[in-house]
Amino acid sequence: MSTLWCFLKDLTDSGFLIFWEGSVMDRAMRKLIPMCEHGFAKPEDAAAAQGRARMLLTTLRADGLYR
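The notes below deal with the structure included here. (Residues numbered from 1 in each chain as written. Predicted model: local features only at pLDDT ≥ 70, side-chain atom pairs only at ≥ 80, totals over all residues. Heavy atoms only, no water.)

Let's talk about the nonpolar core
Stage number 1. In this structure, Cys6, Phe7, Leu11, Ala49, Ala53, Leu57 and Leu60 together form the largest nonpolar core, which totals seven residues.
Stage number 2. Listed by contribution, the elements that provide at least two residues to this core are α1 (3–13) and α3 (43–62).
Stage number 3. What alanine 53 contacts, discounting residues up to four positions off in sequence, is Thr3, Cys6, Phe7 and Asp10. (Core = buried A, V, L, I, M, F, W, Y, C linked by side-chain atoms within 4.5 Å. Buried < 20%, exposed > 50% of the residue type's maximum accessible area, 1.4 Å probe, protein only. Helix = DSSP H or I, 4+ residues; strand = E, 2+ residues; numbered from the N terminus. Contact = heavy atoms within 4.5 Å.)

A closer look at the environment of aspartate 45
Stage number 1. Within the secondary structure layout, aspartate 45 lies in helix α3.
Stage number 2. We classify aspartate 45 as partly exposed; its relative accessible area is 32%.
Stage number 3. Linking aspartate 45 and serine 2, residues 43 residues apart in sequence, is a C-alpha distance of 9.1 Å.

Considerations on the packing of α1 against α3
Stage number 1. Direction vectors running N to C along α1 and α3 enclose 65°, while the axes themselves pass 8 Å from each other. Here α1 runs over α3; the crossing is right-handed. Facing Thr3, Cys6, Phe7, Asp10 and Leu11 of α1, the residues of α3 in contact are Ala49, Gln50, Arg52, Ala53, Leu56, Leu57 and Leu60.
Stage number 2. In terms of residue class, the contact of α1 with α3 is made up of eight nonpolar, two polar and two charged. (Axes fitted to C-alpha atoms, helices over the stretch in contact; angles between N-to-C directions. Left-handed = near helix turned anticlockwise from the far one by under 90°. Nonpolar A, V, L, I, M, F, W, Y, C, P; charged D, E, K, R; others polar.)

So, the pattern of salt bridges
Stage number 1. Throughout the structure, instances matching the rule amount to two salt bridges.
Stage number 2. Close ionic contact of arginine 30 with aspartate 26 constitutes a salt bridge, the shortest N to O distance being 3.0 Å. In this pair, arginine 30 and aspartate 26 both sit in helix α2 (residues 24–36), four residues apart, roughly one turn of the helix. (Salt bridge = Lys/Arg side-chain N within 4 Å of Asp/Glu carboxyl O.)

The values reported here are purely geometric and, on their own, carry no functional implication.
Here you go:
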């Protein structure tokens, strides 16, 4: 799991970002999800990646890129 993965997962889980079914990105995400859901060996690493993803979204919102 990485910061980018957490960022994309938050966006798709919230419905902010939708990949059209059958699109190239949808097919790629469906293959990546099972691999990435295993997460980190340490829970604190996963928590750190999630925190960085939230900070990234906060920064992008401050720049006016997301609401």
